[in-house]
Each structure stands twice: as C-alpha cells, then as structure tokens.
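# Fold and geometry: a report
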Amino acid sequence: MPVQPIKLYYLPPSPPCRAVMMTARVLELDLHLITTNIMNGEHMTPEYLKMNPQHTIPTMDDNGFILWESRAIQTYLVNAYGKDDSLYPKNPRQRAIIDQRLNFDLGTLYLRYLNLYTPILFRGEAYDQEKADKFDEALGWLNTFLDGRPFVAGENMTVADITIVVTITNIDAFGYDFSSHENIAKWFERTKKMLEPYGYDEIDVTGAKMLASFLKKE
Ligand SMILES: N[C@@H](CCC(=O)N[C@@H](CS)C(=O)NCC(=O)O)C(=O)O
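Here the structure is a predicted model, which is why all the values come from computation and not from measurement.

What counts, and where the lines are drawn
Residues numbered from 1 in each chain as written. Predicted model: local features only at pLDDT ≥ 70, side-chain atom pairs only at ≥ 80, totals over all residues. Heavy atoms only, no water. Bend = angle between axes of the 7 residues up to and from the residue. Helix = DSSP H or I, 4+ residues; strand = E, 2+ residues; numbered from the N terminus. Polar contact = N/O pair within 3.5 Å; in protein donor to acceptor, adjacent residues only side chain to side chain. Near = heavy atom within 4 Å. Areas by Shrake-Rupley, 256 points an atom, 1.4 Å probe, with all protein chains shown as cover. Nonpolar A, V, L, I, M, F, W, Y, C, P; charged D, E, K, R; others polar. UniProt positions renumbered as here; feature names shortened; annotations may be inferred. Core = buried A, V, L, I, M, F, W, Y, C linked by side-chain atoms within 4.5 Å. Buried < 20%, exposed > 50% of the residue type's maximum accessible area, 1.4 Å probe, protein only. Domains from an automatic or database assignment. Contact = heavy atoms within 4.5 Å. Expected span 1.5 Å × (residues − 1). Buried area = accessible area lost by both parts, 1.4 Å probe. Salt bridge = Lys/Arg side-chain N within 4 Å of Asp/Glu carboxyl O.

### Quick look at helix α4 (residues 92-123)
For α4, the principal kink sits at D105 and spans about 50°. Capping of α4 at its N-terminal end is provided by N91; its side-chain oxygen lies 3.0 Å from the backbone amide nitrogen of R93. Just beyond α4, the residue with positive phi is G124, at close to 65°.

Now the structure itself:
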C-alpha cells in the first residue's frame, strides 16, 4: 500500500477519471480525491501545469510519482498495488490483448464517441449522422471482439472492461440504442453486475447522468 493515500486530481463526470476511480475501487485502494474544475480553469494554474503540462484530468500523484493518461494510471495501479494480476495479467499474450483493447478504446471507440458527443454536449451542435455512423462502426468492432468471450479481453474482467464500460454507460445515459450490438448489450449487464459492489452506480452512473444533463439542456 502507498505511504500516503494516492492523490487523484479529478472531476466526477469526467469519463477517464471515472475509469481510474473504478479501478482503484476494485483494487480496494483509497484515493485522496482532489476536485479540479476544468470549467473554471483549475487545470491551468502554474502549480497544475508544473505537475502536468498537458493540463488533463485525471492526474495521479503517488507520493511524488506523477502520472496522467487514465489507462496508464489504471495499469500502474494494478502493477503497483494489485493483490494479484487478474485485472492486468502479466502473461505476455493476455496482456497484449488487453493493451490492444485499451489502445482501441483510446484511439478509436472513445475517440469516435468524443467526435460525436463533444459538439452536442458542450457546443450545442446538432447530431451528426456521419459521426454517429463512425461511432457505430467502432461499436460493431467491439461487438465482434466479444464473440464467444464474456469480457472484452477474454474470460475475466480486466482494466479494459473498466475503461470501455465508462463509454457504454455514457451512451446508455444518453439514450443511444445499442441493442442491435447484442454481445455489447449482454456484456454491459455482466460488467455492471461485476462492478456494482465497488460503487459503479455512485461513480459511473452518477457521472454519466451529469453528462446527460448537458444533453437535455440543448
Ligand atoms: N486520454 C486522456 C484524456 C484526458 C482528458 O482529455 N480529460 C479531459 C476531461 S474528461 C480534460 O482534462 N480536459 C481539459 C484539457 O484537456 O485541458 C486520459 O484518458 O486521461
């Protein structure tokens, strides 16, 4: 366990912050949460920029070890503090599949989600069908990854499920119909059940609803 609680600079609705918080909960690690309101520029102060020049949340401070990028924080926490490696197995091939899913999420699924929803949520723009089609294509790939697998990288829940479920929780709160992606719909129910004892509703559903409230204002 860390000497002092790990600090996490965060904001409750932020999807990447929620992925880190859920990972910490599953690892039974206490985080010292420091609210950083990016709407008020709290991520642009000289102190914050000294810590993270890229001025993103989440940013972690583990007793002086600073790290940002949520997926890197998730895997660090498992490597450093996991009682076992089940959330991020050391086996090279298993780990490679998880890394592929994490990279797929960062560079494709979540990116396409952002391309579709950022203009709608934060700029009041109209729904763009072309962007929705690109996002749905990525959901189709995720659906295929889940063929014959209970979790996105295989037989067990890993950090890849924890990060991807954040995106699916958001679109669920937004009323996006993903029922035609049957594997995703079943996996979503399975993963929610796994995460419920660790505060899924408190962290993920509450955060997604905060984002959905921006949608309703438009
Ligand atoms: N890929 C990064 C994305 C982090 C990110 O862009 N966070 C947003 C909030 S959800 C943010 O910090 N925005 C403020 C900024 O980039 O200046 C991660 O997964 O940590």
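### Let's talk about the site of the ligand
The local shell around the ligand consists of S14, P16, I38, H43, H55, T56, I57, P58, E69, S70, R71 and L106. H43 has a polar side-chain atom sitting 3.3 Å from an oxygen atom of the ligand. The side chain of S70 places a nitrogen or oxygen atom 2.7 Å from an oxygen atom of the ligand. Relative to its unbound accessible area of 500 Å², the ligand is 73% covered by the protein chains. Among the residues forming the shell around the ligand, the class breakdown is five nonpolar, five polar and two charged.

### Comments concerning the UniProt feature "domain: GST N-terminal" (unreviewed entry) in the chain
Look at the UniProt record and you will see "domain: GST N-terminal" (unreviewed entry) annotated at residues 4-85. Helix makes up 37% of residues 4-85 and strand makes up 22%, while its end C-alpha atoms are separated by 23 Å.

### Focus: the nonpolar core
Residues L77, L142, I168 and W187 are the most contacted members of the largest nonpolar core, which totals 63 residues. For this core, the leading source of residues is α4, giving ten residues. Looking at this core, you find at least three residues from each of domain 1 (6-81) and domain 2 (92-213). Setting aside residues up to four positions removed in sequence, L142 forms contacts with F104, L109, V152, I164, I168 and I184.

### A short note on the environment of T144
Inspection of the secondary structure assignment puts T144 in helix α5 (residues 129-145). Taking C-alpha positions, T144 is 7.7 Å from N183, a pair spaced 39 residues apart along the chain.

### Comments concerning the side chain of T169
Counting through the fold element by element, T169 comes out in helix α6 (residues 159-174). The contact partners of T169, leaving out residues within four places of it in the chain, are R18, F188, Y200, D204, V205 and A208.

### Some details on the side chain of R18
With respect to the helices, strands and loops of the structure, R18 is situated in helix α1 (residues 15-26). On the accessibility criterion, R18 (0% relative accessible area) is buried. Excluding its chain neighbours within four sequence positions, the residues that come into contact with R18 are P12, P13, V166, T169, N170, I203, D204, G207, A208 and L211.

### Some words on helix α3 (residues 70-81)
When the terminal C-alpha atoms of α3 are compared, their 16 Å separation across twelve residues agrees well with the 16 Å that a helix rising 1.5 Å per residue should span. Those residues of α3 not exposed but buried are S70, R71, I73, Q74, T75, L77, V78 and Y81. On the buried face of α3, the contacting elements are β1 (6-10), α1, β3 (59-62), β4 (65-68), α4 and α6.

### Section: the domain arrangement of the chain
We note that the domain assignment places domain 1 (6-81) and domain 2 (92-213) within the chain. Domain 1 and domain 2 are separated by 20 Å when their C-alpha centres are compared. Around 1,800 Å² of area is buried between domain 1 and domain 2 when both sides are counted, 67% of it from carbon and sulfur atoms. Broken down residue by residue, the surface that domain 1 buries against domain 2 is led by R18, M22 and R71, which jointly contribute 38%. Linking R71 and D105 is a salt bridge whose minimum nitrogen-to-oxygen distance equals 2.9 Å. The element that contributes the greatest number of residues to the side of domain 1 that touches domain 2 is α1, accounting for nine residues.

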